[in-house]
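Structural overview
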Amino acid sequence: MPLLSRLTKCVEALASRRIGRLLLTVWLSYGLPAAHETARADDAALEYQVKAAFIYNFIAFTQWPSHSDSVMNLCLYGEDYFGHEIDKLQNKAVGTRLIRVSRINNPEQLDQCQAIFFTKSVNDNLTELMRHLTGKPILTLADSPSAVSKGIAINMSLVNEKVVFEINLGIARKTGLDISSKLLQLAVKVHQ
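Residues numbered from 1 in each chain as written. Predicted model: local features only at pLDDT ≥ 70, side-chain atom pairs only at ≥ 80, totals over all residues. Heavy atoms only, no water.

Further remarks concern the sheet that holds strand 3 (residues 93-94). Reading across the sheet, the 8 strands line up as 3-4-2-5-6-7-8-10 and stay open at both edges, with mixed pairing between neighbours. Both outer strands of the open sheet, strand 3 and strand 10 (189-191), are each paired with one neighbouring strand and no more. (Pairing = 2+ DSSP bridges. Helix = DSSP H or I, 4+ residues; strand = E, 2+ residues; numbered from the N terminus.)

Written as structure tokens, this is what we have:
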């Protein structure tokens, strides 16, 4: 069964369940082993392993206004906390498109991306970075405090050792992106 079909069925089944169960489903459907180590380094690695899986699902459950290219450019901007975890998305299919993962250091190159993950290291500059992307059909993602108020479409955070996310639906709509209602139901907060 194709991965997108499995993920769709999992999300439908989890729409009324707790986020914790979503985390387990994401691990299982993404093929990631559950880690039981308690060391801080292992916890951070597991956190970013889960966040990489969430990013894949955010992309899979978002529609762009048009896409003639067969590639989905996923860019990472800022200090890389993912290590090799984000690279596991390289060449994964999202519909008919393959994900290409790039690390970008130059903000002038960000408009070449269809999805951008802004790391915590650029949180202080996030408002300025977002001004350059205003109105462009780019899914902006982060894991920084108050990132949604700075113009990010989807922001993840760690609450009680669980990855949760909030969605700025107003920003997504202004850029022409359509986020699936299934994803909206799983968000801890949806901003209009």
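With that out of the way, let us pick up unusual backbone geometry. The phi dihedral of Ser 146 is positive, around 60°, even though this residue is not glycine. Secondary-structure assignment places Ser 146 in the loop between strand 6 (139-142) and strand 7 (154-159). With a relative accessible area of 41%, Ser 146 lands in the partly exposed category. Even without being glycine, Asn 160 reaches a positive phi, approximately 50°. For Asn 160, the position within the fold is in the loop between strand 7 and strand 8 (162-168). (Buried < 20%, exposed > 50% of the residue type's maximum accessible area, 1.4 Å probe, protein only.)

On to the nonpolar core. Counting 39 residues, the largest nonpolar core has Ile 55, Ile 59, Leu 139, Ile 154 and Phe 165 as its most contacted members. Here the element with the most residues in this core is helix 3 (residues 40-60); it accounts for 10 residues. Among residues more than four places away in sequence, those in contact with Ile 154 are Phe 58, Leu 139, Thr 140, Leu 141, Ala 142, Phe 165, Glu 166, Ile 167, Ile 179 and Leu 183. Grouped together as the second largest cluster of nonpolar side chains are 16 residues, Cys 75, Tyr 77, Cys 113 and Leu 129 included. (Core = buried A, V, L, I, M, F, W, Y, C linked by side-chain atoms within 4.5 Å. Contact = heavy atoms within 4.5 Å.)

Scanning all chains against the criterion turns up 7 aromatic pairs. Centre to centre, the rings of Phe 58 and Phe 165 are 5.0 Å apart; their planes meet at 65°, and the pair counts as edge-to-face. One end of the pair, Phe 58, is in helix 3; the other, Phe 165, is in strand 8, with 107 residues separating them in the sequence. Like Phe 58, the residue Phe 165 is buried in the burial classification. (Phe/Tyr/Trp six-rings, centres within 6.5 Å; stacked < 30°, edge-to-face > 60°.)

This part takes up the state of the cysteines. Throughout this description, disulfide means a covalent bond between two cysteine sulfur atoms. The full count for this structure, using the stated rule, is 1 disulfide. One disulfide bridge connects Cys 75 with Cys 113, the sulfur atoms lying 1.9 Å from each other. Between Cys 75 and Cys 113, the S-S torsion sits near -95°, and that sign places the bridge as left-handed. Taken together, the residues span a long stretch of sequence, with Cys 75 in strand 2 (residues 71-77) and Cys 113 in the loop between strand 4 (97-104) and strand 5 (115-118) at a distance of 38 residues. Here Cys 75 matches Cys 113 in class, with each residue buried. (Disulfide = S-S within 2.5 Å.)

Note on strand geometry: in a regular strand, side chains alternate between the two faces of the sheet. Pairing between strand 6 and strand 7: 2 bridges, direction parallel. Bridge pairing in strand 7 links Leu 141 to Ile 154. In terms of strand pairing, strand 7 meets strand 8 through 6 bridges, oriented antiparallel. Paired with Ile 154 across the bridge in strand 8 is Ile 167. Joining the antiparallel neighbours strand 7 and strand 8 is a turn of 2 residues, in which Asn 160 adopts a positive phi near 50°.

Moving on, we get to the pattern of salt bridges. Working definition: two side chains of opposite charge can pair if their charged atoms are close together. Evaluation of the coordinates by the stated rule reveals 7 salt bridges. A salt bridge links Arg 131 to Glu 128; the nearest nitrogen and oxygen atoms lie 2.5 Å apart. Residue Arg 131 and its partner Glu 128 are both found in helix 4 (residues 126-131); the two are separated by 3 residues, about one turn of the helix. Exposure remark for Arg 131: the relative accessible area of 54% places this residue in the exposed category. Since its relative accessible area comes to 39%, Glu 128 is described here as partly exposed. Look at the salt bridges and you will find they share partners, linking Glu 47, Lys 51 and Asp 143 into a network. (Salt bridge = Lys/Arg side-chain N within 4 Å of Asp/Glu carboxyl O.)

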